[in-house]
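# Observations on the three-dimensional arrangement
The residues making up each chain are set out below.
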Amino acid sequence: MKGKGTWKLKGLAIILILLVMVIAVFATLSGYLIDFQWFGELGFREVFFKKLFTQIKFFIPSLIVNFALFYVFMKSINAHSIKRSGAILSSQESKTRNRVFIIVSGLISVIFSIAFVTEVWYDFLIFINKTAFNIKDPIFGYDIGFYIFTLPFLNKLYGFLLGIIAFFAIITLVFNAILLISPKQQDVGIEDGFNVRRIRSVSYKDVLIAAWKQLSFLGGIFFLLLAFGFYLRSFELLYSTKGIAFGAGYTDIRVSLPFYYVYIAVSIITAISFMVSYKGRKPKLAIFGPLILVAAILLSGVVSTAVQNLIVTPNESAKEEKYIQHNIDYTNYAYGLDKVEEKEFGVAQNLVRQDIEENRVTIDNIPVNDYKPAKDIYNQIQGLKSYYQFNDIDIDRYMIDGTYRQVFISSRELQSANIPKQEAGNTASWINRYLKYTHGYGVAMSPVNEVTPSGQPRLFVRDMPVTSEVNIKVDRPQIYFGELTKDFVIVNTREKEFDYPASNANVETLYEGTGGIRLTLPNRIMLALTQGKMNFLLSQDINSQSKILLHREIIERVKKIAPFLAYDEDPYIVVSEGKLYWIIDAFTLSSKYPYSQPINKNTSNNYIRNSVKVVVDAYNGSVEFYAADEDDPILSTYAKVFKTMFKPLSSMSDDLRAHLRYPQTLFDIQTDIYSKYHIKDAREFYNKSDIWDISTQIYGPSSASSESQLVESSYLIMKLPDSDKEEFILMVPYTPQGKNNMIAWFAVKNDGESYGQLKLYTFPSGKIIEGPMQVEGIISQDVAIGNAINLLQSGGNSQVIRGNMLIIPIEDSILYVEPVYLRASNASALPELKKVIVFYRNQVVMEDSLEKSLARIFPLPKEEEPNVPEKPQTPPAQPPANQPIAEADTVAELIILANDTFNQAQEAMKAGNWALYGDKINELQGILQKLNSLGGALVQ
């Protein structure tokens, strides 16, 4: 009975172990199967299978080759060891050893093959599908594609082969170490018809000689590989950072490169010496090769230092000129800056009122609203509930009621961390988090140049349900996929979804989109395992129509599909034909472009193109990749690898194409690079005589200690000097290094066929044009503006905020505009636009609006001035308005004098006489102080 009980326990244990193994395998496969369905739902199964099929194609031949190498090598070691030691093995022991070799070779080859395909599959795909750049490097004459597509694959292959050689050496040492410690036996002949192992006395010398023969063969292969490695490393000179400019310099080409050829020759000779040693001839010969190689490496360092210090440094400009020119040319190629069109901008500064009217589209789109304060305003006046959030403000343009308008737009997303919590805890229930509160709702939109009477942006599109006072309609406002949608949600359950709050009751909805994976029973089981939530199985709200929406955060979503692209961190929302879409700019990057300066000190990337536009449907979650730069060889290579992934840009709807923007991220990189690399002559570049800086400005709270910061590149609607119509551009001003006057401005077009055209407008030499920081200084020193700003923030209860300095080219002149905001000191206060400063040709004014400021500088014709009735004249009061304060001794006289002084100050302000306005305010302050001193007597 005990035996039966023991067998039952053993059987139960086996069953439990098998069950655990099945669950573990199923759990491992669950994530893979869910991903398979997710990629299929989006139409990217080719991407999903590409990695799998490529790795399988790689794995099988790699496994065969690795197994053959390891098995043959181990058999070779065994044969040589037996021969040199004189051992005689029985047939049974030979079979046993052979089985061991097969098993060990199989295990090692599986491990190496998995490592190989995991590491190399992607680089191999890129290598076999490479596209030529049709530009050759200036040193070796190879196409740039060799460095970007071929060299990375060869380097990885080289590293893998070195690893195999090192492992072979370890196997050799271990095998022979085992022989050294194995017991010696005597020759006992044949017993019972079986061969018995006969081993003679084994000397250490015999075993070491057997091991050396294998190691010498491996040494020969190693040094041949090392010669190949030095060949590959010679190309790395094109990324040298030793010289005056990035890339190979005089010493690299004249000293380091020849020495690489020496290393290659010494390595090959050393490999031959090891092979000769393998044949048993002159084993000591192999020692000299490595010593010569080490000596050559040390010598190259000494020679390089000597040449650099004694030959190059004293004549650096002449010696490095050719290589500096390579750096200039190839950096411009790598960043697309070789296509910049440079023109001179006359700066006649001869604007008249007629020019203002003829450029009305430009004037009406000057962004006196700032997107940074706008975000706070949107969240306070349009957030409506704590669980809604406007993540950022996007800048775009729309044809609104027949007029081209620049706008701010932002999506009202659901912040899952703030959805209603359970009363008994601080977390949202399963139903609230995953079934009930599933999506954000709608957008808010405002023009960049209009405000309400209180100084807040005027909203074109607002509220829930969405209301619009213009021709922009949002028919499908629900946002299931966005920037803040971190969690999965389950839709089409028995629990209706919360849509938006209403005055009497919350409005509910059901998901009608195409996104999501059906929650069949197998999928529910797999999701319970992968997500760690048993409610997938236990919830009674989930039915056969329910679907799960996974990977809803849009950057994560597109990265999962195409991780080989880099993505802009600022997606922007677009209203198109009543629906909401996200547009994400994707970039192709490389760190292998010869002679090209890296983007910055924090990255080695030195090539970038905005080659892909990604569109994500905010409701359905569908993702489309559009080829925006078909001339980019890296994108062309990706398109060969993933044949169905990229659609031509022409297949994008016209309405969506009208909202494509040149990414600010790319423009800022190009702007920074071009500040130095606009210099095309190597000698001028070396002297650094014409390096530019991005202009600076005063931005933020107005105070004596306000610090300057870089002018941010700005999207503007304006008419470029060489254009006949207004268009959406991105621009930034330049100043000479260390100076504040403006020397040029850089722009890129965003509209239609002109999209991506880079323009540089330089100012005539010898003409000084005020830079933003100089205009900031003029504003700060203006007494009238200073007094007005002090008056705005008098009492310490408000803070004046100076907005972005806007450089507005109009015709052949420059206009400077800076908005001024006021924020109350309490935490919930909203920043409000209160004043607009305009500077033009040594004249600076500040008024309540842009139009009023422009009217001060460019007066309207008399017939266009508003007909304001004159105030009736009142008899002069006593004492007269100009009576000194000292002569007015009674309270009544002081009150009359205060009223008159205040009226004079108001008239001075309307007339723009800010100096007189400041004097009258100071005079009024003295009158009020005297009134205060007499107040006690009056009360008594």
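Within any chain, residue numbers begin from 1 and follow the written order of that chain's sequence. Local features in this predicted model are restricted to residues whose pLDDT is 70 or higher, and side-chain atom pairs enter the listing and the counts only when it is 80 or higher, whereas totals over whole chains, interfaces and linings include all residues. The side-chain figures draw on all heavy atoms in the structure; neither hydrogens nor water molecules are used.

## Considering the overall build of the protein chain
Worth spelling out the cut-off: Numbering of helices and strands runs from the N terminus; a helix is a DSSP stretch of H or I covering at least four residues, while a strand is a stretch of E covering at least two. A 1.4 Å probe rolled over the protein chains alone gives each residue an accessible area, and that area as a share of the maximum for its type sets the label: buried under 20%, exposed over 50%, partly exposed in between. Any two residues having at least one pair of non-hydrogen atoms within 4.5 Å are treated as being in contact. Surface exposure here means Shrake-Rupley accessible area, sampled with a 1.4 Å probe, where a residue is shielded only by the protein chains that are shown.
Within the protein chain, the regular secondary structure consists of 24 helices and 35 strands. Within the span of the protein chain, comprising 940 residues, buried residues form 49% of the whole. In the protein chain, 67% of the contacts between residues at least 6 apart in sequence involve partners at least 24 apart. Counting only carbon and sulfur atoms, one obtains 58% of the accessible surface of the protein chain, whose full area is about 45000 Å².

## Digging into the environment of alanine 627
Mapped onto the fold, alanine 627 is located in strand E21 (residues 623-627). Looking at alanine 627, the relative accessible area reads 11%, which means it is buried. Separated by 14 residues in the primary sequence, alanine 627 and lysine 613 place their C-alpha atoms 6.7 Å from one another. Contacts of alanine 627, omitting those with residues within four sequence positions, involve Ser611, Leu635, Phe646, Lys647 and Leu649.

## Brief notes about the packing of aromatic side chains
Where we set the bar: Aromatic rings from Phe, Tyr and Trp, taking only the six-membered ring of Trp, are treated as a pair when their centres fall within 6.5 Å; an angle between ring planes under 30 degrees marks them as stacked, one over 60 as edge-to-face, and anything in between as tilted. Any Lys NZ or Arg CZ found within 6 Å of a ring centre and within 35 degrees of that ring's normal is scored as a charge over the ring.
According to the stated counting rule, one finds 68 aromatic pairs in the structure shown. Considering the side-chain rings of tyrosine 437 and phenylalanine 498, the 5.0 Å spacing of their centres and the 40° angle between planes classify their relative orientation as tilted. Placement of the pair is tyrosine 437 in the loop between helix H12 (430-436) and strand E7 (440-441) and phenylalanine 498 in strand E13 (residues 497-500), with a sequence separation of 61 residues. A ring pair is formed by tyrosine 480 and tyrosine 619, whose centres lie 5.4 Å apart and whose planes are at 80°; its orientation type is edge-to-face. Of this pair, tyrosine 480 sits in the loop between strand E11 (478-479) and strand E12 (489-491) while tyrosine 619 sits in the loop between strand E20 (607-617) and E21, and the two are 139 residues apart along the sequence. Note on tyrosine 480: relative accessible area 0%, which makes it buried. Through a chain of ring-to-ring contacts, the aromatic side chains of Tyr32, Phe36, Trp38, Phe39, Phe48, Phe49 and Phe53 assemble into a single cluster. Directly above the aromatic system of phenylalanine 36 lies the positively charged group of arginine 45, at a separation of 4.4 Å from the ring centroid.

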